[in-house]
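# Breakdown of the fold
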Amino acid sequence: MKTVKIAPSILSADFAKMGKEIQSLQACGADLIHCDVMDGVFVNNITFGIKMVEDIRKITDLPLDCHLMIVQPEKYVERFAKAGADIITVHYEACQDNLADVLRLIKSAGARCGVVINPDTPVEKIEDVILLCDMVLVMSVFPGFSGQKFISTVLDKVRKIREIIDASGKEIDLEIDGGINPETVAAAKAAGANIIVAGNAVFKAENRAEMIAKLKA
Ligand code: DX5
Ligand code: ZN
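Every chain's residues receive numbers from 1 upward, in the order its sequence appears when written. Chain letters start at A and ligand numbers start at 1, both assigned in the order the entries are written. In keeping with the predicted nature of the model, local features appear solely for residues at pLDDT of at least 70, side-chain atom pairs appear and are counted solely at 80 or more, and the whole-chain, interface and lining totals rest on all residues. Calculation of side-chain values draws on the structure's entire complement of heavy atoms; hydrogens and water are dropped beforehand.

### Structural notes on the overall build of the protein chain
To keep it simple, the criterion reads: Only DSSP runs of H or I with at least four residues qualify as helices, and only runs of E with at least two residues qualify as strands; both kinds are numbered from the N terminus onward. In this description the radius of gyration comes from C-alpha coordinates, and the expected globular size is given by 2.2 Å times residues to the power 0.38. We call a residue buried when its accessible area falls under 20% of the maximum for its residue type, exposed when it is over 50%, and partly exposed in between, using a 1.4 Å probe and counting protein chains only. Should any heavy atoms of two residues lie within 4.5 Å, those residues are counted as being in contact. Note on areas: Shrake-Rupley, 1.4 Å probe, and residue coverage restricted to the protein chains presented here.
A tally of helices and strands in the protein chain yields nine helices and eight strands. A compact globule built from 217 residues should have a C-alpha radius of gyration of about 17 Å, and the protein chain, at 16 Å, falls within 12% of that. The C-alpha extent of the protein chain, read off along each of the three principal axes, is 40 × 35 × 30 Å. Taking all 217 residues of the protein chain together, the buried fraction comes to 55%. If you take every contact in the protein chain between residues at least 6 apart in sequence, the share linking residues at least 24 apart comes to 65%. Entry remark: accessible area of the protein chain is about 9,600 Å², with carbon and sulfur atoms responsible for 50%.

### Considerations on helix α2 (residues 50–57)
Here is the rule we go by: The arc refers to the directions leading from the helix axis to the C-beta atoms.
When α2 is considered as a whole, its buried residues turn out to be Ile 50, Met 52, Val 53 and Ile 56. Down the axis of α2, the buried set is contained in an arc of 165°. They therefore lie on one face. Where α2 is buried, its residues meet α1 (18–27), β3 (64–69) and α3 (77–83).

### Examining the coordination of the zinc ion (ligand 2)
Ideal values differ by geometry: the angle at a metal is 109.5 degrees with four tetrahedral donors, but 90 or 180 degrees with six octahedral donors. Operational definition: Metal donors: N, O and S atoms at distances within 2.8 Å, or within 3.2 Å for Na, K and Ca, with water omitted from the atom set so that some sites may seem incomplete. The geometry test gives tetrahedral to four donors whose angles all lie between 85 and 135 degrees, gives square planar to four donors and octahedral to six donors whose opposite members are over 155 degrees apart with all other angles between 65 and 115, and gives irregular to the rest.
Only His 34 (NE2), Asp 36 (OD), His 67 (ND1) and Asp 177 (OD) from the protein reach the zinc ion (ligand 2) as donors, at distances of 2.0 to 2.3 Å. Bound by six donor atoms, the zinc ion (ligand 2) shows angles of 67 to 170° at the metal and therefore octahedral coordination geometry. One chain supplies every donor to the zinc ion (ligand 2), and in sequence these donors are spaced H-x1-D-x30-H-x109-D. With Asp 36 in strand β2 (residues 33–38) and His 67 in strand β3, this residue pair connects regions lying 31 residues apart in the sequence. Of the two residues, Asp 36 and His 67, neither departs from the other in class, the shared state being buried.

### So, the nonpolar core
A general trend in soluble globular proteins is that nonpolar side chains are found buried together. Where we set the bar: Here, nonpolar core refers to any group of buried Ala, Val, Leu, Ile, Met, Phe, Trp, Tyr and Cys residues whose side-chain atoms link them within 4.5 Å.
Ile 10, Ile 126, Ile 161 and Ile 176 are the most contacted members of the largest nonpolar core, which totals 70 residues. Setting aside anything within four residues of it in sequence, one finds Ile 176 in contact with Leu 137, Val 138, Ser 140, Phe 150, Val 154, Leu 155, Val 158, Ala 188, Ala 193, Ile 195, Ile 196 and Val 197.

### Here's the deal with the site of ligand 1
Condition: For this purpose, a residue is taken to be near a molecule or strand whenever a single non-hydrogen atom of the residue falls within 4 Å of it. Whenever two N or O atoms come within 3.5 Å, that pair is a polar contact, provided that in protein one can donate a hydrogen and the other can accept it, and provided that, for residues adjacent in sequence, both atoms are side-chain atoms. Residues are grouped as follows: nonpolar covers Ala, Val, Leu, Ile, Met, Phe, Trp, Tyr, Cys and Pro; charged covers Asp, Glu, Lys and Arg; every other residue, Gly included, is treated as polar.
In the neighbourhood of ligand 1, 20 residues make up the surrounding shell, with Asp 36, Gly 144, Asp 177, Gly 179 and Gly 199 lying closest. Within the side chain of Ser 9, a nitrogen or oxygen atom sits 3.4 Å from an oxygen atom of ligand 1. His 67 is positioned such that a nitrogen or oxygen atom in its side chain is 3.3 Å from an oxygen atom of ligand 1. Expressed as a share of its isolated accessible area of 380 Å², the protein-covered part of ligand 1 is 99%. Sorting the residues of the shell around ligand 1 by element identifies β2, β3 and β8 (195–198) as the ones contributing at least two each. The element best represented in the shell around ligand 1 is β2, accounting for three residues. When the residues that make up the shell around ligand 1 are grouped by side-chain class, the tally is eight nonpolar, 10 polar and two charged.

### Observations concerning the pairing of β2
Which entries qualify depends on this criterion: Look down the strands so they point away from you; if going from the first strand over the helix to the second traces a clockwise path, that crossover is right-handed.
Across the six residues that make up β2, a large majority, six, are buried. Of the two faces of β2, the one lined by Ile 33, Cys 35 and Val 37 and the one lined by His 34, Asp 36 and Met 38 are each fully buried. Crossover connection from β2 via α2 to parallel β3: handedness right-handed.

### A look at the sheet that holds β8
The pairing of strands in a sheet comes from backbone hydrogen bonds and takes either a parallel or an antiparallel form. As a reminder, the rule being used: We treat two strands as partners when DSSP finds at least two bridges between them. Each axis is a line fitted through C-alpha atoms, and for a helix only the stretch in contact is used; angles between axes span 0 to 180 degrees, taken between their N-to-C directions.
The eight strands lie next to each other as β1-β8-β7-β6-β5-β4-β3-β2, forming an open sheet whose pairing is parallel. The sheet is open, and its two edges are formed by β1 (5–8) and β2, each paired on a single side. Pairwise comparison of adjacent strand axes, ignoring direction, gives a mean angle of 25° for this sheet. Sheet topology note: the strand β4 (residues 87–91)/strand β5 (residues 112–117) ladder contains five bridges and is parallel. The partner of Ile 87 across the bridge, within β5, is Arg 112. Along the sheet, helix α5 (residues 99–108) makes contact with β4 and β5, crossing β5 at roughly 150°.

### Description of the side chain of Asn 194
Turning to its location among the elements, Asn 194 is positioned in the loop between α7 (185–191) and β8. On the accessibility criterion, Asn 194 (3% relative accessible area) is buried. With near-sequence residues (within four places) excluded, Asn 194 lies in contact with Lys 2, Thr 3, Val 4, Lys 5, Arg 162, Asp 173 and Leu 174.

In structure tokens:
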């Protein structure tokens, strides 16, 4: 199995102490920083945008994994790339027919690109773009809020996408996001996810380093 990486989601961070939170994640063994961008339209919540990514870029070398939960992501992906995003993922549900073009736009802006699917979106909807991606993200909760319960039925999709990736021989990461904790992580890894997002589990832990190590082990 591929080595598993942990991407703590700063949605669960204290936004008034973001610099310290990022430094703490880095010191505790985070492999990437997962930045949840929400616009209040695609999802029922608002978080932060380009300026936050730009400022975080100045204080860490960790890859910034920007999960865009926004409508019309094509309007903003170049600016997120310029702000220092290493990976930009866009929702199938926000792009639909436009998806392949948005993925190419991200690549031409110099970032790695990825597609995200909600828990109720079947793999068939993205089958024709998987091999254009550097990463595929399977949501294991409906996006919008941290601290929700893991939806285990998405594991079938993780397995299916893992098969497609392995059969292609390409280096494509498979990420899972939502409700991951020490109880749910094993099934996610066994299904083939190699990047694990964790918000609440990391930020509510008494010892973040131990939690990250536990999720990775
Ligand atoms: C949900 C976000 C997730 C979420 C993960 O909309 O995309 O990244 O914050 O949080 P937990 O791990 O608490 O479910
Ligand atoms: Zn996310």
